[in-house]
Amino acid sequence: MSSNYTVPGIEQADAERVVQTLQHRLTALIDLQLTLKHVHWNVVGPMFIGVHEMLDPQVDAVRVMTDDLAERIATMGGQPVGTPGFVAKTRGWDDYSLLRATTIQHLAALDLVYTGVVTDHRAAIAEFDDLDLVSQDKMIAQTEQLEMFQWFVRAHLEDSAGQLQHGGTDTEQAAAAAVD
């Protein structure tokens, strides 16, 4: 943190912890926004137009989420960082690994991306329990929307028995191969 102030009612040390977690979530959402647009540009095959058009509203919503978190960081006296170099340097995951692929392959890989983002958002919700209910509320609202987007993705991957075609895979490449 760069400031000697934060919002009323939160100790400086707690604010610094919240800002650090918010920055991690901001980094993840910037990466998600770019990944969604990358998928949008690189889907091919059956269901192309439906998936292509489904992704743009997700990109837009995630962009709003990034702005919301960045403004919360600034409100708490922090400095939000959203530069490409910072995102690439500080994220704890590999770059999205599919280029041109079928819609179903991208959706299987994207499901894993959403799982990572939602899981980490839920961890932030738990962390903020005793620290900052305002930031927690933001995480809850974003998680609700991210879970819905993941459901949209999963609806393309689910069979009538409720099984995901790529279930049990743990990498984007494996998920894409499982639906081939």
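That block above? That's the structure.
Residues numbered from 1 in each chain as written. Predicted model: local features only at pLDDT ≥ 70, side-chain atom pairs only at ≥ 80, totals over all residues. Heavy atoms only, no water.

Engineer: Is there a simple way to explain the pattern of salt bridges in this structure?
Structural biologist: Oppositely charged side chains are able to pair whenever their charged atoms sit close together. In total, this model carries ten salt bridges according to the counting rule given. As a salt-bridge pair, Lys37 and Asp56 come within 2.5 Å of each other at their nearest N and O atoms. Taken together, the residues span a long stretch of sequence, with Lys37 in helix α1 (residues 12-42) and Asp56 in helix α2 (residues 48-75) at a distance of 19 residues. What makes Lys37 partly exposed here is its relative accessible area of 22%. With a shortest N-O distance of 2.7 Å, Asp111 and Arg154 are connected by a salt bridge. Of the two residues, Asp111 is situated in helix α4 (residues 103-127) and Arg154 in helix α5 (residues 133-155); the sequence distance between them amounts to 43 residues. Classification of Asp111 as buried rests on a relative accessible area of 2%. Look at the salt bridges and you will find they share partners, linking Asp31, Arg91 and Asp95 into a network. (Salt bridge = Lys/Arg side-chain N within 4 Å of Asp/Glu carboxyl O. Helix = DSSP H or I, 4+ residues; strand = E, 2+ residues; numbered from the N terminus. Buried < 20%, exposed > 50% of the residue type's maximum accessible area, 1.4 Å probe, protein only.)

Engineer: What should I look at first to understand the nonpolar core in this one?
Structural biologist: A general trend in soluble globular proteins is that nonpolar side chains are found buried together. In terms of nonpolar packing, the biggest core is built from 48 residues, with Leu22, Leu29, Leu32, Leu36, Met76, Tyr114 and Leu146 touching the most fellow members. Broken down by secondary-structure element, the contributors of at least two residues to this core are α1, α2, α4, α5 and α6 (172-178). The element contributing the most residues to this core is α4, with eleven residues. If near-sequence neighbours (up to four positions away) are discounted, Leu36 is found in contact with Leu55, Gln58, Val59, Val62, Leu110 and Tyr114. (Core = buried A, V, L, I, M, F, W, Y, C linked by side-chain atoms within 4.5 Å. Contact = heavy atoms within 4.5 Å.)

Engineer: Help me out: how do you make sense of the packing of aromatic side chains in this one?
Structural biologist: Two aromatic rings, taken as a pair, are described by how far apart their centres are and by the angle between their planes. One pass over the structure, following the stated rule, counts two aromatic pairs. Taken together, a centroid distance of 6.3 Å and an interplanar angle of 50° make the contact between Phe149 and Phe152 tilted. Here Phe149 and its partner Phe152 are both found in helix α5, three residues apart, which amounts to about one turn of the helix. For Phe149, a relative accessible area of 6% corresponds to the buried category. For Phe152, a relative accessible area of 29% translates into the label partly exposed. Look at Trp151 and Phe152: their rings are 5.5 Å apart centre to centre, the planes differ by 45°, and that puts the pair in the tilted class. Here the aromatic residues Phe149, Trp151 and Phe152 are joined through ring pairs into a cluster of three or more. (Phe/Tyr/Trp six-rings, centres within 6.5 Å; stacked < 30°, edge-to-face > 60°.)

Engineer: Sorry if this is basic, but what is going on with the environment of Glu172 here?
Structural biologist: Residue placement: Glu172 occurs in helix α6. With 147 residues separating them in the primary sequence, Glu172 and Arg25 have C-alpha atoms 21 Å apart. Leave out the neighbours within four places in its chain, and Glu172 touches Asp95, Tyr96, Ser97, Ala109, Leu112 and Val113.

Engineer: I keep staring at the packing of α2 against α4 and nothing clicks. Help me out?
Structural biologist: A pair of packed helices is captured by two measures, namely the crossing angle of their axes and the spacing between those axes. For the pair α2 and α4, the least separation of the axes is 10 Å and the interaxial angle reads 25°. One element, α2, and the other, α4, form an angle in the roughly parallel class. Our pair here, α2 against α4, has a crossing hand that is left-handed. Only Thr103, Leu107, Leu110 and Tyr114 of α4 make contact with α2, whose side of the interface consists of Phe48, Val51, Met54, Leu55 and Gln58. Residue classes in the contact of α2 with α4 are distributed as seven nonpolar, two polar and no charged. (Axes fitted to C-alpha atoms, helices over the stretch in contact; angles between N-to-C directions. Parallel < 35°, antiparallel > 145°, perpendicular 65-115°, else oblique. Left-handed = near helix turned anticlockwise from the far one by under 90°. Nonpolar A, V, L, I, M, F, W, Y, C, P; charged D, E, K, R; others polar.)

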